[in-house]
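# What the coordinates show
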Amino acid sequence: MSATSRKIAFIGLGIMGGPMAANLVRAGHTVTGHNRSRAATDTLVAAGGRGADSIAEAVSDAEVVITMVPADQQVKEVVLGEGGVLEHAAPGTLLIDMSSITPQTSLEVAAAARDKGLRTLDAPVSGGEAGAIEGVLSIMVGGDPDDFADAGPVFEALGTTIVHVGPHGAGQTVKAANQLMVAIHLQALAEAVVFLENAGVDLEAALEVLGGGLAGSTVLARKRGAVLSRDFKPGFRIDLHHKDMGIVTDAARAVSAPLPVGAVVAQLVASARACGDGGLDHSALLRGVERLAGRDPR
């Protein structure tokens, strides 16, 4: 084991967590995974990791514990709840929550962990399933600078843009801003697609040239194939983006920051979910614009 390798417990091996844990294995870390679905744990074992049937087993000798679960409720369950991380992890363990949750929950976790002698970082990510698989996530980290430095070898296996953005909770605040911008970009892309199609323009050619100019974005680069093929297999589900838009709306209200465009897009995300698209990739916001245009979504 190299000097920079860690014994890592990884809790939550879903669309994002599974490939992230596998990348940690490939980087030379010892990774023990736990997931509610045993199939996801078995996938990690096949990639060279270890499996655990409980959180207690996963964290028993871990130096670092990473949680990557859907929302605040699950973070509270796996970290603060009975049989959770704080009940079983040793003092001095570094707990890194990489879920997307409210800044308030991150602060609650940090305070509870401090009382147990654990260190914490909130480190949500951006880049979607493709970024997780490729190990090129953007990671926005809140917490103590020394703990951020200590986590360097872990983060370097997962992402390429890794930035300490402030104290506990700051990572989640930046992630909320990220989700606001991504949703607005996706809605703009959806509206442009319907406009171009209605005008009879070659959509593939149009998106290619738009991607090379000021309108180009990571959203366009990552989601162009999905909108061209109407393949909305979830990399990041509308259900989760709906949750995130609630986070940014509440956080902005708390600091008196207006979100005039964000508020409208939040309603469009909610509408997509109400129309039954919650399980689709967030690029399926296109289906909502198709409905507004009087089309049957493809």
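Note that this is a predicted model, so its numbers are computed, not measured. (Residues numbered from 1 in each chain as written. Predicted model: local features only at pLDDT ≥ 70, side-chain atom pairs only at ≥ 80, totals over all residues. Heavy atoms only, no water.)

## Description of the domain arrangement of the protein chain
Which entries qualify depends on this criterion: Boundaries between domains were set according to an automatic or database domain assignment. Contacts are assigned to residue pairs that have any heavy atoms within 4.5 Å of one another. The buried area of a pairing is the accessible area, by a 1.4 Å probe, that goes missing from both parts when the two are put together, added over both.
Assigned domains of the protein chain: these are domain 1 (7-167) and domain 2 (174-293). Distance from the C-alpha centre of domain 1 to the C-alpha centre of domain 2: 28 Å. At the interface, 18 residues of domain 1 touch 10 residues of domain 2. Buried area between domain 1 and domain 2, both sides added, is near 1100 Å², and the carbon and sulfur share of it is 60%. Counting the surface domain 1 buries against domain 2, the share from its top three residues, Ile 15, Ser 100 and Met 140, is 32%.

## Overview of empty space enclosed by the protein
To be explicit about the condition: Both site types are read off a 1 Å grid over the protein atoms alone. A 1.4 Å probe that fits but cannot get out defines a cavity, while an open set with protein on both sides within 12 Å along at least five of seven lines defines a pocket; lining residues have an atom within 4 Å of a point. Grid points are joined across faces, edges and corners, and a volume is the space filled by probe spheres set on the points. Helix and strand definitions follow DSSP, with helices as H or I runs of at least four residues and strands as E runs of at least two, each counted in order from the N terminus. When residue character is reported, Ala, Val, Leu, Ile, Met, Phe, Trp, Tyr, Cys and Pro are called nonpolar, Asp, Glu, Lys and Arg charged, and the others, Gly included, polar.
Across all of its chains, the model carries two cavities of 30 Å³ or more by this definition. Taken as a whole, the largest cavity spans an internal volume of roughly 60 Å³. In terms of lining, the largest cavity is formed by Leu 95, Asp 97, Ser 106, Val 109, Ala 110, Thr 120, Leu 121, Asp 122 and His 168. Of all the elements in the fold, those that place two or more residues in the lining of the largest cavity are strand E5 (94-97), helix H6 (103-115) and strand E6 (119-122). Here the lining of the largest cavity is built from residues that sort into four nonpolar, three polar and two charged. Approximately 40 Å³ is the volume found for the second largest cavity.

## A short note on the environment of Val 163
Basically, it comes down to this: We call a residue buried when its accessible area falls under 20% of the maximum for its residue type, exposed when it is over 50%, and partly exposed in between, using a 1.4 Å probe and counting protein chains only.
Checked against the element boundaries, Val 163 lands in strand E9 (residues 159-166). In this structure Val 163 comes out as partly exposed when scored by relative accessible area, which is 40%. Separated by 22 residues in the primary sequence, Val 163 and Val 141 place their C-alpha atoms 6.1 Å from one another.

## Here's the deal with the packing of aromatic side chains
Where we set the bar: Aromatic pairing here means that ring centres of Phe, Tyr or Trp (its six-membered ring) are within 6.5 Å. Orientation follows from the plane angle: under 30 degrees is stacked, over 60 is edge-to-face, and everything else is tilted.
In the structure shown here, the tally under the stated rule is one aromatic pair. Centre to centre, the rings of Phe 148 and Phe 155 are 6.2 Å apart; their planes meet at 35°, and the pair counts as tilted.

## Section: the UniProt feature "domain: 6-phosphogluconate dehydrogenase NADP-binding" (unreviewed entry) in the protein chain
To keep things clear, this is the line we draw: UniProt positions are given in the numbering used here, feature names are shortened, and annotations may be inferred rather than shown by experiment.
The UniProt entry lists residues 7-166 under the feature "domain: 6-phosphogluconate dehydrogenase NADP-binding" (unreviewed entry), expressed in the numbering used here. End C-alpha atoms of residues 7-166 are separated by 26 Å, and the span's content is 42% helix alongside 26% strand.

## Digging into the pattern of salt bridges
Filter applied, for reference: Every case where a carboxyl oxygen of Asp or Glu lies within 4 Å of a side-chain nitrogen of Lys or Arg is listed as a salt bridge.
What the rule picks out here adds up to 20 salt bridges. Asp 150 is the partner of Arg 119 in a salt bridge, and the nearest nitrogen-oxygen pair spans 3.2 Å. Of the two residues, Arg 119 is situated in strand E6 and Asp 150 in helix H8 (residues 145-150); the sequence distance between them amounts to 31 residues. By sharing partners, the salt bridges in this structure join Glu 197, Arg 230, Glu 290, Arg 295 and Arg 298 into a single network.

## With respect to the pairing of strand E4 (residues 64-67)
Counted only if it meets this: At least two DSSP bridges between two strands are needed for those strands to be called paired.
Side chains of E4 alternate between two faces, with Val 64 and Ile 66 and Val 65 and Thr 67 buried alike. Alignment of strand E1 (residues 7-11) against E4, held across four bridges, turns out to be parallel. Within E4, the position partnered with Ile 11 by the bridge is Thr 67. Alignment of E4 against E5, held across four bridges, turns out to be parallel. Each residue of the ladder has a partner; that of Thr 67, found in E5, is Asp 97.

## Here's the deal with the packing of helix H11 (residues 203-211) against helix H12 (residues 218-229)
For the record, the criterion: Here, axes are lines fitted to C-alpha atoms. For helices the fit covers the stretch in contact, and angles between N-to-C directions go from 0 to 180 degrees. For classification purposes, angles smaller than 35 degrees are called roughly parallel, those larger than 145 roughly antiparallel, those between 65 and 115 roughly perpendicular, and all remaining angles oblique.
Two elements in contact, H11 and H12, have axes separated by 11 Å at closest approach and are oriented at 175°. Compared by their axis directions, H11 and H12 come out roughly antiparallel. Residues Leu 203, Glu 204, Leu 207, Glu 208, Leu 210 and Gly 211 of H11 pack against Leu 220, Arg 224, Val 227 and Leu 228 of H12. Of the residues assigned to the contact of H11 with H12, the class counts are six nonpolar, one polar and three charged.

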